[in-house]
Amino acid sequence: MIKSNKMIGVGVLLLAILMAGAVLTIATSVTNNDAPAANVGPGADVEIMNFTIEDGGDLIINDTTDGLSPGANLTNDFANVTLGYDSDWTNVSSYDATDGDGWNASVDFLYINNSGTAAFNNSTGTDYVIGGDYSVMGSAIDDSSKMTYGGFDNDWPFTSLDNTDGDGDFDVTNDAIIIDGDENDFYQDNFTEISIVSDSDDNPIVSDVVSSMTIYGDSGTTITTSSSPFVGSLTQDITQNETYTVNMTLSDSSGEWDEDYYNMLANATLTLASGDETVVNGNTIKASHVYLDSEYYDEDVTITITLEDDALNDDPNRIQEKTVQLTSTSDVKTLDITLVETGADTGIFTADVITSSGTVSGNELHAEDGDTITVTNGDFTDTATVDSSAPSAVEVTSPDSLQYKKSTDTLDVDYGYTEANPYQTTIQFVNSDGDVDAEFVKDDASEDPDAVTLDLSNPDEGSFEEGLYSIKLSVEDAAGNVNNTEILQADVLMIDDTGPSVNESTIANNITGTENYYNGYYNNSFAFNLTFDLEDNGEIDNDTVVLHYNNSTSEGTITPVNVTTVSSSLIFPPSCSCHY
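Analysis parameters
Residues numbered from 1 in each chain as written. Predicted model: local features only at pLDDT ≥ 70, side-chain atom pairs only at ≥ 80, totals over all residues. Heavy atoms only, no water. Buried < 20%, exposed > 50% of the residue type's maximum accessible area, 1.4 Å probe, protein only. Helix = DSSP H or I, 4+ residues; strand = E, 2+ residues; numbered from the N terminus. Pairing = 2+ DSSP bridges. Contact = heavy atoms within 4.5 Å. Patch = residues over 30% accessible without salt bridge, like charges linked within 9 Å, V, L, I, M, F, W, Y side chains within 5 Å. Areas by Shrake-Rupley, 256 points an atom, 1.4 Å probe, with all protein chains shown as cover. Salt bridge = Lys/Arg side-chain N within 4 Å of Asp/Glu carboxyl O. Lys, Arg positive; Asp, Glu negative; His and termini not counted. Polar contact = N/O pair within 3.5 Å; in protein donor to acceptor, adjacent residues only side chain to side chain. Phe/Tyr/Trp six-rings, centres within 6.5 Å; stacked < 30°, edge-to-face > 60°. pLDDT = per-residue confidence, 0-100. Core = buried A, V, L, I, M, F, W, Y, C linked by side-chain atoms within 4.5 Å.

A. Structural context of the pairing of strand 14 (residues 176–179). Both faces of strand 14 are covered, namely the face carrying Ala176 and Ile178 and the face carrying Ile177 and Ile179. Bridging between strand 5 (residues 59–61) and strand 14 involves 3 bridges; their strand directions are antiparallel. What sits directly across from Ile61, in strand 14, is Ile177. In the sheet, strand 13 (residues 158–161) pairs with strand 14 via 4 bridges, with the strands oriented antiparallel. Bridge assignment links Thr159 to a residue of strand 14, and that residue is Ile178.

B. Up close: the environment of Gly84. One can find Gly84 in the loop between strand 6 (81–83) and strand 7 (92–95). Gly84 gets classed as buried once you look at its relative accessible area, which sits at 17%. Residues Gly84 and Gly151, spaced 67 residues apart in sequence, show a C-alpha to C-alpha distance of 8.6 Å. Setting aside its immediate chain neighbours within four residues, Gly84 contacts Phe152, Phe158, Thr159 and Ser160.

C. Structural detail: a nonpolar patch on the surface. Side chains of Tyr128, Tyr134 and Met137 sit close together on the surface and give an oily, nonpolar patch of about 280 Å² of accessible area. Structurally, Met137 can be placed in the loop between strand 10 (128–132) and strand 11 (140–141).

D. Seen up close, the sheet that holds strand 7. Overall, antiparallel pairing links the 4 strands, which are arranged 10-8-7-12 in an open sheet. Looking at strand neighbours, the two that pair on one side only are strand 10 and strand 12 (147–148), the edges of this open sheet. The pairing of strand 7 with strand 8 (residues 109–112) spans 4 bridges and is antiparallel. From the neighbouring strand, Tyr95 faces strand 8, where its bridge partner is Phe109.

E. Geometry of the side chain of Asp153. Following the sequence through the fold, Asp153 ends up in the loop between strand 12 and strand 13. Despite its burial, Asp153 pairs with no opposite charge; the closest candidate is Lys146, at 11 Å N-O. Within the structure, Asp153 has its side chain in polar contact with the backbone nitrogen of Asp155 (distance 2.9 Å). Excluding anything up to four places from it in sequence, Asp153 contacts Ser94, Asp96, Asp99 and Thr148.

F. Highlighting the packing of aromatic side chains. Using the criterion set out here, one finds 15 aromatic pairs in the structure. Taking the centre distance of 5.6 Å and the plane angle of 50° together, the rings of Phe109 and Tyr111 count as tilted. Using a relative accessible area of 0% as the deciding quantity, one classes Tyr111 as buried. With 5.2 Å between their ring centres and 70° between their planes, Tyr111 and Phe120 make a pair best called edge-to-face.

G. Region of interest: the confidence of the model for the protein chain. Put simply, the protein chain has an average pLDDT of 75, and 63% of its residues get 70 or more. Summarising per-element confidence for the protein chain, the mean pLDDT is lowest in strand 1 (residues 7–8) (30) and highest in strand 28 (residues 365–366) (97). pLDDT under 50 marks residues 1–28. Its contacts with residues more than four places away, or in other chains, come to 104 contacts. Scored below 50 in pLDDT, residues 550–580 shows 72 contacts in the model against residues more than four places distant or in partner chains.

H. How the structure looks around the nonpolar core. Core analysis: the biggest nonpolar cluster contains 23 residues, and Leu292, Ile305, Leu326, Ile337 and Ile373 have the highest contact counts within it. At the level of elements, strand 22 (277–292), strand 24 (302–309), strand 25 (321–328), strand 26 (335–341), strand 27 (348–356), strand 29 (372–377) and strand 30 (380–386) are the ones that each hand at least two residues to this core. Sequence-distant contacts of Leu326, defined by excluding residues within four places in its chain, comprise Leu292, Ile303, Ile305, Lys333, Thr334, Leu335, Ile337, Val353, Leu365, Ile373, Thr374 and Val375.

Shown next as structure tokens:
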């Protein structure tokens, strides 16, 4: 028989890691995206993003302007910005060594032309370089074919920042020239943060399915890893001119894939220093999952193998076949099992295989108690355990003697057993009629069987009445095999919620006494025997029995007197002194 079913829902969460973010409509300097498409299954670690943050070749000339920091929006953050040459300036000229090649700082240069001509003269004149090839300082150059007087070369993506509009020529103390290399209106972009956020509105997180998300920097260095399981978001500061990859690790819990979630796209939100955002698209993830129909099997059963992989469905017009490999611990051979698609264009392939603990033939699999059965399809596998034996050597080692408790007390119970695949133990308390009054269920799958403290007022099933109890266990393994024991510890718990009662008392007619006069008082000494019976479910501590009495002149005063035990009766002390 099949022992237990697999969990369902692994595929749902993969879609839930779609990343949120506002899309930047202008160009960005993000290389997007070198992560390959992937077929993934339980336990897989897959790269979902690979991108480079670049500065876009942006530079600044004469950086004396407050607020012009990486990420600044050149159009929105400044009032007097001109894409190209500012119309107020007449003193900035250009030298372009090679026409049509764009700005090349190693051979091109910008200069302040104080001489009033297009020629550059720094040998005897007052012209000087403010950006580009500073090696020309100290020389004189006069080549009208390469020089632009009072302007920028047409090939250069320069932006003018004139801090005071209309103040005349370029002011080296207040104005600036920006080289917007990627022509996106932002200075250097400067992405400062990556944020991976689960899209829980449409697809709530399925606990323990995505084990973790990890961000790697250059050379594969781990920058940060999310908590496990991955929930909420993962955010990390980033720098430009560095390559980042993001990996998703699935838990190794097996489960069925829902074909509605086959094509999934992972994204990340990159945040600019200015607050704008852009989205990096991840790879396309397709579910590839081969699995058995149970985690545990009995001996001599038929098992079902399923392969779900939309990528293998390369002909939507016919039913196709795929081959997987099947092994067991005790079978010396590997079986090639042919799976048949459940219908045209489903991408789901199945086959049934007979297992036997005895002699096998053909594509039957030999599998014995304790074996591991493994099915393999490329990089993806699933396993199951053959378990036909119930837990053994079940024992309760404590309590091993009678414990007196109220139903509001706690009780320590120590138990154990032998089992390769533990699951849970039910501790049962049996009354004197042989019926189970109360049960406590303990999870043994997450921790070893050991001493447990039971709250007698809060059993999982039933309740305690006053009386004597014995203990037995019902131990179940993960495969569903159960060992229901006989009584393991007899008469070890007495529940007693009621105090002792006095059923009969007599005073013997043998009172004797003497009378003496001392210091104005009569001192009368006397003795008598008082016999009474006490009844209780538990043992009575004789030292706690106190007799209260009063005489005719005590005006109601009650004086406690201890009593002593003779055989099964309690006898009043032989004498006492009283004032009259």
